[in-house]
Amino acid sequence: MADLRNNFVGIKSPNPFWLASAPPTDKAYNVERAFKAGWGGVVWKTLGEEGPPVVNVNGPRYGAIWGADRRLLGLNNIELITDRDLYTNLREMKQVKMNWPDRALIASIMVPCEEQAWKAILPLVEETGADGIELNFGCPHGMSERGMGSAVGQVPEYIEMVVRWCKQYTRMPVITKLTPNITDVRRPARAAKAGGTDAVSLINTINSIVSVDLDNFAPNPTVGGKGSHGGYCGPAVKPIALNMVAEIARDPETYGLPISGIGGITTWRDAAEFLVLGAGNVQVCTAAMTYGFKIVQEMITGLSDWMDEKGHRSLDDITGRAVPNVTDWQYLNLNYIAKAKIDQDACIKCGRCYIACEDTSHQAITNFVDGARHFEVMDEECVGCNLCVSVCPVENCITMEQLPAGTLDKRTGRVVDPNYANWTTHPNNPMARQAAE
């Protein structure tokens, strides 16, 4: 059986599945139940500085995006950091860690961008026995207006500065949580590394308005007739998160920096994708809020079964395995040629492939042959774009098949070249022509 035990920057847990800092980790009652369900660790809901707690709205805090089957695709939340007293949280954290010494317990922290504020809270957190801290530089609403959260995470110089403070004033491993609300996520990751961070975690939520109430003309969720931007999360953000994780994992300046992957993880397969793209573990929130804590059991079983099937003995066997295969567009092989093929036995003749290709692509699919409804790819028109595969409602009904080297591509009239070639040397590339001259 695959070994799912996780060692992330020295923080050990029985599996790589942690609950992210959010409402599910707001109190001991939740965290204890999560551990009983099987979660390997939790990042406690973000702590603020000593004094009056922040105040959340006493009304709707979530807006939603649903699929056609009412499946939740994304949540927009306007909730702030914990609104419970700091010392209440600290007492509960200490007790939970004593009760569950084999589980990872991380303290998420957000205080003003002042050295004294960080110096004051770190010893208090350290006394709980927490395994590490996560610096919340990602929250895009509410706290950012106060000069915290993403207001810090969008300024690499601030990130490096605060990380240095934390490394100076605590023995605990420091995980820096990055905001996706930035042009190039590599810059804050580099800054965190320069400051001495032990790891980064990403992504935090994406700044968003998910919908507008067309009766009241206000963004959702609506509080007293008004709405605000909030943080978007859930399955819909997974592609953005995967890309940002991969960018950090393959960047020469941050290569090898441990990453905790976050963003839309709902199944074991989602988790595996983050792991092979360089994440050392994963954090989950929306899936737990949608399906409950026991969803982790399916994640654990699914990941273990897949690893057994593929012969992977431990997480080290899969972590980062896909990173070498992530490249920039300019290095893709332009001599790779593929064509779509329709399995006529599986085809239900719905016509979605035809209309997508006819109206918006390359007019490469028939809809009638000899007077009968029939959908077939015309190789002389097919550019291999994969759109028909994407819109087909029948899995594996349409597949992409590579043309072997030496065969004729009917669309171009040229024989498929076996040699690798990319845009950097293509004759149509003006930069390549200038270099040759």
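The model shown is predicted, which means the values in this text are computed figures rather than measured ones.

Things to note about the nonpolar core
Core analysis: the largest hydrophobic core is formed by 83 residues, its most contacted members being Trp39, Val125, Ile133 and Leu202. Ranked by residue count, the leading element in this core is helix α7 (residues 238-250), at 7 residues. Once residues lying within four places of it in the same chain are set aside, the contact partners of Ile133 are Ile106, Ala107, Ile109, Leu122, Val125, Cys166, Thr170, Met172, Pro173, Val174 and Ile175. Formed by 15 residues, the second largest nonpolar core is a distinct cluster that contains Ala340, Cys347, Cys388 and Cys397.

Details of the environment of Leu122
For Leu122, the location among the structural elements is in helix α3 (residues 115-126). For the pair formed by Leu122 and Thr170, sequence separation is 48 residues and the distance between their alpha carbons is 6.3 Å. Leaving out residues up to four positions away in the same chain, Leu122 has contacts with Ile109, Ile133, Cys166, Tyr169, Thr170 and Met172.

Topic: the pattern of salt bridges
On inspection of all chains with the given rule, the structure shows 21 salt bridges. Across the pair Glu273 and Lys238 runs a salt bridge whose closest N-O atoms are separated by 2.7 Å. In this pair, Glu273 sits in helix α8 (residues 268-276) while Lys238 sits in helix α7, placing the two residues 35 residues apart along the sequence. The class for Glu273 is partly exposed, based on a relative accessible area of 27%. Look at the salt bridges and you will find they share partners, linking Lys45, Arg61 and Glu79 into a network.

With respect to the side chain of Glu134
Among the structural elements, Glu134 can be located in strand β8 (residues 132-136). Within polar-contact distance, the side chain of Glu134 engages the side chain of Ser201 at 2.8 Å. In this view, Glu134 contacts Ser21, Val43, Ile106, Ala107, Ser108, Ile109, Ile175, Lys177, Ser201 and Gln283; residues no more than four positions away in its chain are not counted.

Quick notes on the environment of Glu247
With respect to the element layout, Glu247 can be found in helix α7. Taking the C-alpha atoms as reference, Glu247 lies 8.7 Å from Val326; in sequence the two are 79 residues apart. Aside from chain neighbours lying at most four places away, what touches Glu247 is Val185 and Arg186.

Description of α3
With 12 residues, α3 extends 17 Å between its outermost C-alpha atoms, agreeing within 8% with the 16 Å of an ideal straight helix rising 1.5 Å per residue. For α3, the set of buried residues is Ala117, Trp118, Ile121, Leu122 and Val125. One face of α3 carries all of its buried residues, which in axial projection span an arc of 120°. Where the residues of α3 are buried, they touch β4 (41-47), α2 (86-99), β7 (104-109), β8 and α5 (156-169).

Conventions we followed
- Residues numbered from 1 in each chain as written.
- Predicted model: local features only at pLDDT ≥ 70, side-chain atom pairs only at ≥ 80, totals over all residues.
- Heavy atoms only, no water.
- Core = buried A, V, L, I, M, F, W, Y, C linked by side-chain atoms within 4.5 Å.
- Buried < 20%, exposed > 50% of the residue type's maximum accessible area, 1.4 Å probe, protein only.
- Helix = DSSP H or I, 4+ residues; strand = E, 2+ residues; numbered from the N terminus.
- Contact = heavy atoms within 4.5 Å.
- Salt bridge = Lys/Arg side-chain N within 4 Å of Asp/Glu carboxyl O.
- Polar contact = N/O pair within 3.5 Å; in protein donor to acceptor, adjacent residues only side chain to side chain.
- Expected span 1.5 Å × (residues − 1).
- Arc of directions from axis to C-beta.

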